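Notes for the structure review
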Amino acid sequence: MKICHLKVNHLVNPMGYDLPEPTISYVVEETEAKKQARAQVLVAKDEAFTDLVYDSGEKEDIVSTAYVLPFTTEPETRYYWKVKVWADNGETAESDAAWFETAKGGEWKADWITPSLPKDVQAVLFKDVEIEKPVKKARMYMVGLGVYELYLNGEKQGDEVLLPGLCDFDTWIQYQTYEMKLSEGKNNIEIALGDGWYKGWYGLRKTSENYGDRLAAIAELHITYEDGTEEIICTDPSWKARKSRVVYSGIYPGEVFDMTLDTSEVFETETIDLDKKKLSPRLSPAITIHERLKPIEVIHTPAGETVLDMGQNMVGWLSFRCKAPKGTKLFFQFGEILQDDNFYNDNLRTAKAEFTYISDGVEREVRQHFTFYGFRFVNVVGWDGEPDLEDFRGLVIHSEMEELGNIETSDPLVNQLVHNAKWGQKGNFLDVPTDCPQRDERYGWTGDAQIFSGTACFNMDTYAFYTKFGKDVYAEQLKLNGSVPDVVPVANYQGDASTAWGDAATIIPWNVYLHYGDKGILSRQYDSMKAWVDYMRREDEKYGNKYLWQSGFHYADWLALDGNVEGGVYGATDPFLICSGYYYYSTNIVAKTAKILGKEEDAAYYSCLAEKIHDAFVNEYFTPAGRLCVNTMTAHVVVLYMGLTPDFAYEKTCAGLLEILKKNKYHLNTGFVGTPYLCPVLSKNGMNDIAYRLLMEKGFPGWLYEVLMGATTVWERWNSVMPDGKISGTGMNSLNHYSYGSIVEWMYRNMLGIQPSEEAAGFKKFTVAPTPNYQIRWAKASLRSASGLIRSEWSIEGKELHFTVTVPFDAEAVIVLPDASADVIIAQTEWKDGILSVAQAGKNVEVTAAAGTYTFCYEPTTPCRKVYSINSPMEELMAYEGTKKVLDEEYFSIVKDLPFFDELYTLQELMNGPFTYVSYEQQEKIDKLLRAVE
């Protein structure tokens, strides 16, 4: 028995974070036990646990996914903690010690300082600190604006980059904490500053000096000596400045790094009037280099360029070993794709994405400092001779998030799609969830963030990441009377309160809670969640009080393919239907959140409001006969997904969606709103085969089209690159845009069936309800959930379905076996330890199981969808001139072997397929038949 994955607020050993309520979590592995009987948490100020500050005692109510430490912490203090667990079978285990360290206490004594240089000059602030006696402990509490790096005696401090990241600097500025290893004698401290998001070229609405016009820093070095005395060294005008060898930098333009620049001239610093009350302990997870990719090829293009191919569209920096003579100027350009086999970056629009390095003749590894790039290809100019791939590495940068989930299937194209979605998350989760990482945008678009949040929570531990983003969301709302702008953070802009975009305020924290089981995220965001719903309510009241939202501008089903304008960005679905749908959906989330937090009065109010919105929606958008008045794919998906379809309209709504799909030849035409919900709706409502068909589509529009076109991340548009390899446009065309990667959530939740529970969030209780389909031979997922390792695997072997499910320690799952007989399953599980119940639930069997691994194998009882046509197959075949002789005998040799030959299938039914459980040999025959007929 082993206790691992110890975290505080979903961070590993956090130092200097905003921890008003430190909440621990842990996972128990390597045990045959089923349940945690009791646990004990110890907290001390020393690693030997002799100076205890908290002992829970042996308790039965400690929940491993979230246990709030019930004591008041002191500032600038490191606390060690560990947990001991007793299992129901008598096993016990004790964890190793973990720790967290609290942030700075008291008022800031330091001043904000700025270099006495022109504001466009990049600078380094520095001070020599004389240490005259042994140091016991030293901490630097500091932040630099726009971005900074801290050095002690020439060595960079910490592994983090691009600090302090991007936040709503208008409202709060998060500072960082460093453990400083000071030695006796002179210690040189340097703070290198770059423009960054704060004052550099960034943004579509205001393109520079969004938050300030001067480089600045504030720092306090707190020293505790071995003799017990203390000293605080602060930033003030005694600090000096010099020009930086990073002579130019910016998020969009890139960087110029001149190692030949004479930086010996010393300049003064001066105080600058920035509000110290904005300073706050950090929330952002560390931004670090996670991988170092070696290029796969040097390409010499027809245009005479030398281009590195990284083999992966990535985000971060390029490092290289430079051996060039003094004065050599090396120039690099970054792009996502080649065109006509030449370097290309026009889709970055005005973003230059360049790096210039001027060598001083000293061999060294060179990297960037205060910018980042989204790229696969690098145009190298000025390199002497043939570049050696060993001299280059792509440094992959993103926020610290433990990878949790993985999916693998029998189809390599689907596997690549999963890979692409995960790399899209890596590239766009750099302190804020951005739309794209490469062009002159890189914005925290709330709509993109919202629709991908479910997938993101499966892929990685995003609790801390979204906690920080949630603070930015609410900070912007406070400026806008509860409205959520389309971009967060955003400076100097009133904001657009667009449906689906603004609902990031409710949906993201709700998804985070469901996945990780820590209601702290709901407590932090409750005012934000409520403010968004209250904003929609006021808009409703302003325009008739109809319990509908029918006013304002909305992106709605952005980039849908059913719009009236060729190549347009707005879909055909009535935006007010979508508005009112989300109005209901978010209100319902707030009602459930209020109940979880014990806010009974709010729970009653928002539950009542949700019911009124539901009833008003039905009256507005459904006819008495049960027909949905807005006849688009997305409209049908929204009402089915959000629980807005009344019973009397359910069959017609499902049939209406199916009819639209048939007319569209089983191709989607949905946009940002409809696409994330389309496959889940199909799988839940008897059209699982069509969900798979959409997944497996290899043409336009389809997820696998871009895979076949060589994509290594998810595209912004279904046709970002045309079949001939030409990019489809440069106005708005990112090749790293995670939104449509939301299909991976369907793969986790539906294909492999792993579904968190509202009843016991964090996968303490959950459902595994896989939905196999013959188009995939086998599939398997692993998820290191907040409760432990979950596995779901299935395969189709001949006429049999095989399932394997792993339930982690101290958790309970309802395993839903499709098209199964309880008698058959009972016979397989009768003597299996951990099976709590087996029950028939319609055509499925529900197995309730405690911790353990369970396997099932059976022939499905109803392995195909119902057929409505009564025409015989031969009659259909006869309609095709010249096919009878070829297909007569072969057709019946196919259908007589099918496991569902209790009904006759027409040719049209075969063409409209696919069927749910057909052997691959049979499917190949069917496909051959259809190709011949067509």
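Notes on the structure in this doc start here. (Residues numbered from 1 in each chain as written. Predicted model: local features only at pLDDT ≥ 70, side-chain atom pairs only at ≥ 80, totals over all residues. Heavy atoms only, no water.)

Quick word on the overall build of the chain
Rule in force here: In this text, helices come from DSSP runs of H or I with a minimum length of four residues, and strands from runs of E with a minimum of two, each type numbered from the N-terminal end. C-alpha atoms define the radius of gyration, and 2.2 Å times the number of residues to the power 0.38 defines the globule rule. Working definition: with a 1.4 Å probe on protein chains only, accessible area under 20% of the residue-type maximum means buried, over 50% means exposed, and in between means partly exposed. Should any heavy atoms of two residues lie within 4.5 Å, those residues are considered in contact. Computed with a 1.4 Å probe, the accessible areas rest on the Shrake-Rupley method; for each residue, only the protein chains presented here act as cover. A residue counts as positive if it is Lys or Arg and as negative if it is Asp or Glu; His and the chain ends are not included. Where a charge sits is defined by one atom per residue type, namely NZ (Lys), CZ (Arg), CG (Asp) or CD (Glu).
Of the regular secondary structure elements, the chain holds 19 helices and 44 strands. Computed over its C-alpha atoms, the radius of gyration of the chain comes to 30 Å, within 12% of the 30 Å expected for a compact globule of 934 residues. For the chain, with 934 residues in total, the buried portion stands at 63%. Taking the intrachain contacts of the chain between residues at least 6 apart in sequence as the baseline, contacts between residues at least 24 apart amount to 73%. As presented, the chain carries roughly 35000 Å² of accessible surface, and 47% of it is formed by carbon and sulfur atoms. Each charge sign in the chain was given a centre, from 91 positive and 136 negative side chains, and these centres are 1 Å apart.

Structural notes on the sheet that holds strand β33 (residues 405-409)
To be explicit about the condition: Two strands form a pair only when DSSP identifies at least two bridges running between them. To obtain each axis, a line is fitted to C-alpha atoms, and for helices this fit is confined to the stretch in contact; angles are then taken between N-to-C directions over 0 to 180 degrees.
Sheet architecture is open: 5 strands sit in the order β33-β38-β39-β40-β44, paired in antiparallel fashion. Of all strands in the sheet, those with a lone pairing partner are β33 and β44 (852-858), marking the two edges. Neighbour-to-neighbour, the strand axes of this sheet turn through a mean angle of 5 degrees, independent of strand direction. As defined by bridge partners, strand β40 (residues 800-807) adjoins β44 across 7 bridges and the pair is classed as antiparallel. By the bridge assignment, Thr806 is partnered in β44 with Thr853.

Overview of helix α5 (residues 504-516)
Note the cut-off: Take the residue count of a helix, subtract one, and multiply by 1.5 Å to get its expected span.
Taking 1.5 Å per residue as the helical rise, α5 with its 13 residues ought to reach 18 Å, and the 18 Å between its terminal C-alpha atoms agrees with that figure. Taking burial as the measure, the 13 residues of α5 include 13 buried ones, the bulk of the element. Backbone geometry just downstream of α5 places Gly517 in the positive-phi region, at approximately 70 degrees.

Digging into the packing of helix α6 (residues 520-542) against helix α8 (residues 600-621)
Counted only if it meets this: Whether a crossing is left-handed or right-handed is set by the direction in which the near helix is turned from the far one by less than a right angle, anticlockwise for left-handed and clockwise for right-handed.
Running from amino to carboxyl end, α6 crosses α8 at an angle of 35 degrees, the nearest separation of the two axes being 13 Å. Note on packing geometry: the crossing formed by α6 with α8 is left-handed. Contact with α6, carried on its side by Tyr526, Lys530, Val533, Asp534 and Arg537, involves Asp602, Tyr605, Tyr606 and Leu609 of α8 and no other residues of that element.

As for the pattern of salt bridges
Selection rule: Salt bridges, as used here, are contacts in which a Lys or Arg side-chain nitrogen is within 4 Å of a carboxyl oxygen on Asp or Glu.
In total, this model carries 51 salt bridges according to the counting rule given. When the shortest N-O distance is used, the salt bridge between Lys479 and Asp168 registers 2.8 Å. With a gap of 311 residues between them, Lys479 in helix α4 (residues 463-479) and Asp168 in the loop between β13 (155-156) and β14 (173-179) connect regions that are remote in the sequence. Under the relative-accessibility criterion, Asp168 is labelled buried at 0%. In this structure, the salt-bridge partner of Lys479 is Glu476, at a minimum N-O distance of 3.1 Å. In this pair, Lys479 and Glu476 both sit in helix α4, 3 residues apart, roughly one turn of the helix.

A short note on the pairing of strand β6 (residues 78-87)
Counting buried positions along β6 gives 9 out of 10 residues, so the element sits mostly inside the fold. Where β6 meets strand β8 (residues 98-101), 4 bridges bridge the pair, whose relative direction is antiparallel. Pairing of Trp81 across the sheet is with Ala98, part of β8. Pairing of β6 with strand β7 (residues 92-94) involves 3 bridges; the strand directions are antiparallel. Across the sheet, the residue bridging to Lys84 is Glu94, located in β7. In sequence, β6 turns back onto β7 through a hairpin of 4 residues, with Gly90 there showing a positive phi of about 95 degrees.

Some points on the packing of aromatic side chains
The condition that has to hold: Classification of ring pairs rests on two measures: the distance between centres of Phe, Tyr or Trp rings, Trp counted by its six-membered ring, which must be within 6.5 Å, and the angle between planes, read as stacked under 30 degrees, edge-to-face over 60 and tilted in between. Throughout this description, the term charge over a ring refers to an Arg CZ or Lys NZ atom that lies within 6 Å of the ring centre and within 35 degrees of the ring normal.
Inspection of the entire model under this criterion finds 52 aromatic pairs. Geometrically, the ring pair formed by Tyr555 and Trp558 is edge-to-face, given 5.3 Å between the ring centres and 85 degrees between the ring planes. Each ring, one from Trp718 and one from Tyr740, has its centre 4.4 Å from the other, and the planes form 15 degrees; the classification is stacked. Of this pair, Trp718 sits in the loop between α13 (703-708) and α14 (743-751) while Tyr740 sits in the loop between α13 and α14, and the two are 22 residues apart along the sequence. The pair Trp718 / Tyr740 is uniform in exposure class, with both members buried. Taking the ring centre of Trp108 as reference, the NZ or CZ of Lys104 above it sits at 4.6 Å. Positioned above the aromatic ring of Phe372, the side-chain terminus of Arg442 is 4.9 Å from the ring centre.

Notes on unusual backbone geometry
The omega angle of the peptide bond from Leu163 to Pro164 is 5 degrees, so this bond is cis rather than trans. Residue placement: Pro164 occurs in the loop between β13 and β14. The residue after Val488, namely Pro489, is reached through a cis peptide bond having omega -5 degrees. Looking at the element boundaries, Pro489 is found in the loop between α4 and α5. We note that His5 has phi near 55 degrees; this positive angle belongs to a residue other than glycine.

Remarks on the environment of Ser410
Locating Ser410 in the fold gives a position in the loop between β33 and α2 (412-428). Given a relative accessible area of 25%, Ser410 falls into the partly exposed group. Between the C-alpha atom of Ser410 and that of Arg777, which follows or precedes it by 367 residues, the distance is 5.6 Å. Apart from the residues lying within four places of it in its own chain, the contact partners of Ser410 are Ile776, Arg777 and Trp778.

Side note on the nonpolar core
Short version of the rule: By convention a nonpolar core is built from buried Ala, Val, Leu, Ile, Met, Phe, Trp, Tyr and Cys residues, the set being connected through side-chain atoms within 4.5 Å.
One finds Ile191, Phe320, Phe332 and Met751 to be the most contacted residues of the largest nonpolar core, which totals 251 residues. Once residues within four sequence positions are removed from consideration, Met751 is found in contact with Thr409, Tyr692, Leu695, Trp746, Pro770, Thr771, Ile776, Ala779 and Trp794. Leu6, Tyr17, Tyr26 and Ile62 belong to the second-largest nonpolar core, a separate cluster that totals 28 residues.

Observations regarding the sheet that holds strand β42 (residues 835-841)
As summarised here, the arrangement of the 5 strands in space is β36-β37-β41-β43-β42, forming an open sheet in which the pairing is mixed. Two strands bound the open sheet, and with one partner strand each, they are β36 (754-756) and β42. Taken pair by pair, the neighbouring strands of this sheet meet at an average axis angle of 20 degrees, ignoring direction. The sheet strands contacting helix α15 (residues 822-829) are β41 (812-817), β42 and β43 (844-849), and the helix crosses β42 at an angle near 165 degrees.

Some words on the environment of Lys243
Residue position: Lys243 is located in strand β18 (residues 240-243). Exposure remark for Lys243: the relative accessible area of 34% places this residue in the partly exposed category. Residues Lys243 and Asp262, spaced 19 residues apart in sequence, show a C-alpha to C-alpha distance of 8.4 Å. Ignoring anything within four residues of it in the chain, the contact list for Lys243 reads Val121, Gln122, Leu261, Thr263 and Phe267.

Things to note about the pairing of β42
With 6 bridges joining them, β42 and β43 adopt antiparallel strand pairing. Across the sheet, Ala841 pairs through a bridge with Asn844, a residue of β43. Between β42 and β43, which pair antiparallel in sequence order, lie 2 residues; one of them, Gly842, sits at a positive phi of approximately 65 degrees.

Keep in mind that these numbers describe shape and distance, not what the molecule does.
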